[in-house]
Structures are given as C-alpha cells and as structure tokens.
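Here are the chains, one letter per residue:
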Amino acid sequence: MAQDPLTFYDTYGDSVFLTRDEMIAYLGNQERWKAVRVRKGSESRKRNWIALELEDIRKYEVLRKPERFVPVGGQYLRD
C-alpha cells in the first residue's frame, strides 16, 4: 500500500497496468473530483493505493461470465 501510487513504478517498473503518464493524468482528475474520504467530525483523508501482482494469468478456453456484475472499478473479493 502507498499514499502515492507513483511509487509503484519504482517497485514494478513497466509491469504496472497504467503507464506513468496515464497515472499522472488520473491523479490530476482525482484532484478535480476532490476524491477524499470524509469521516465524522469533518475529518478527511485520502485512501491508500494498493498494487496486486498477478501470476500465471491464462485465458479460459470457454468464456466464463461472472456470477454478478463487475463495475469498471472492480469488485471486492469474497470467500
């Protein structure tokens, strides 16, 4: 986890899904959206970023549809 997602490029290099320029553009838009988590008492903070490293990715021979809708932002993993 990191507060600054650009630090992931130091660790993972070009293996990050977005290019560094795309991430910088996204962060600029995030500032415009004022994407901050607001808590009780008007205390606010930005959420940490997380990177997941995927291994042994493969394409299914037969298309498999998810059991539930998956939005662009992803979905929470459940047991």
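In every chain, residue numbers begin from 1 and rise along the written sequence. Confidence filtering applies because this is a predicted model: local features only for residues at pLDDT of at least 70, side-chain atom pairs given and counted only at 80 or more, and all residues used for totals across whole chains, interfaces and linings. Computation of side-chain values covers all heavy atoms of the structure but excludes hydrogens and water.

This part takes up the confidence of the model for the protein chain. Within the protein chain, residue pLDDT values average 82, and 84% of them lie at 70 or more. Each residue gets a pLDDT score, which is the predictor's confidence in that residue and runs from 0 to 100. Secondary structure elements are defined from DSSP: runs of H or I of at least 4 residues count as helices, runs of E of at least 2 residues count as strands, and each element is numbered from the N terminus. Of all helices and strands in the protein chain, the one with the weakest mean pLDDT is strand 1 (residues 37-38) (62), whereas helix 1 (residues 8-12) scores best (93).

This part takes up helix 2 (residues 20-33). In this scheme, a helix's expected span is set at 1.5 Å multiplied by one less than its residue total. In this model, helix 2 (14 residues) spans 20 Å end to end at C-alpha, consistent with the 20 Å of a helix rising 1.5 Å per residue. Taken together, the buried positions of helix 2 are occupied by Met23, Leu27 and Gln30. The arc enclosing the buried residues of helix 2, seen along the axis, measures out at 55°, which places them on a common side. In helix 2, those exposed residues whose orientation departs by more than 90 degrees from the buried face are Asp21 and Arg32. In this analysis, two residues are considered to be in contact whenever any of their non-hydrogen atoms come within 4.5 Å of each other. On its buried side, helix 2 packs onto helix 1. For the exposure calls, accessible area comes from a 1.4 Å probe over protein chains only, and a residue counts as buried if that area is under 20% of its type's maximum, exposed if over 50%, partly exposed in between. Throughout, the arc means that of the directions going from the helix axis to the C-beta atoms.

Let us look at the packing of aromatic side chains. The rule is short: rings of Phe, Tyr and Trp, with Trp giving its six-membered ring, pair when the centres are within 6.5 Å, and they are stacked under 30 degrees, edge-to-face over 60, tilted in between. Tallying each qualifying case throughout the model produces 1 aromatic pair. Arranged with centres 5.9 Å apart and planes meeting at 80°, the rings of Tyr26 and Trp49 form a pair that is edge-to-face. Placement of the pair is Tyr26 in helix 2 and Trp49 in the segment after strand 2 (44-45), with a sequence separation of 23 residues.

Glycine aside, the phi torsion of most residues is negative, and most peptide linkages are trans. Positive phi is not limited to glycine here, since Asp56 has a value of about 50°. Position of Asp56 among the secondary structure elements: in the segment after strand 2.

Patches draw on residues past 30% relative accessible area with no salt bridge. Two like charges within 9 Å are joined, as are two nonpolar side chains (Val, Leu, Ile, Met, Phe, Trp, Tyr) within 5 Å. Each accessible area is a Shrake-Rupley result for a 1.4 Å probe, and residues are judged covered by the shown protein chains and nothing else. Within this document, salt bridges are pairs made up of a side-chain nitrogen of Lys or Arg and a carboxyl oxygen of Asp or Glu, the two lying within 4 Å of each other. Taken together, the side chains of Met1, Ile50, Leu52, Leu54 and Ile57 define a hydrophobic patch exposed on the protein surface, amounting to about 670 Å² of accessible area. Here Leu54 lies in the segment after strand 2.

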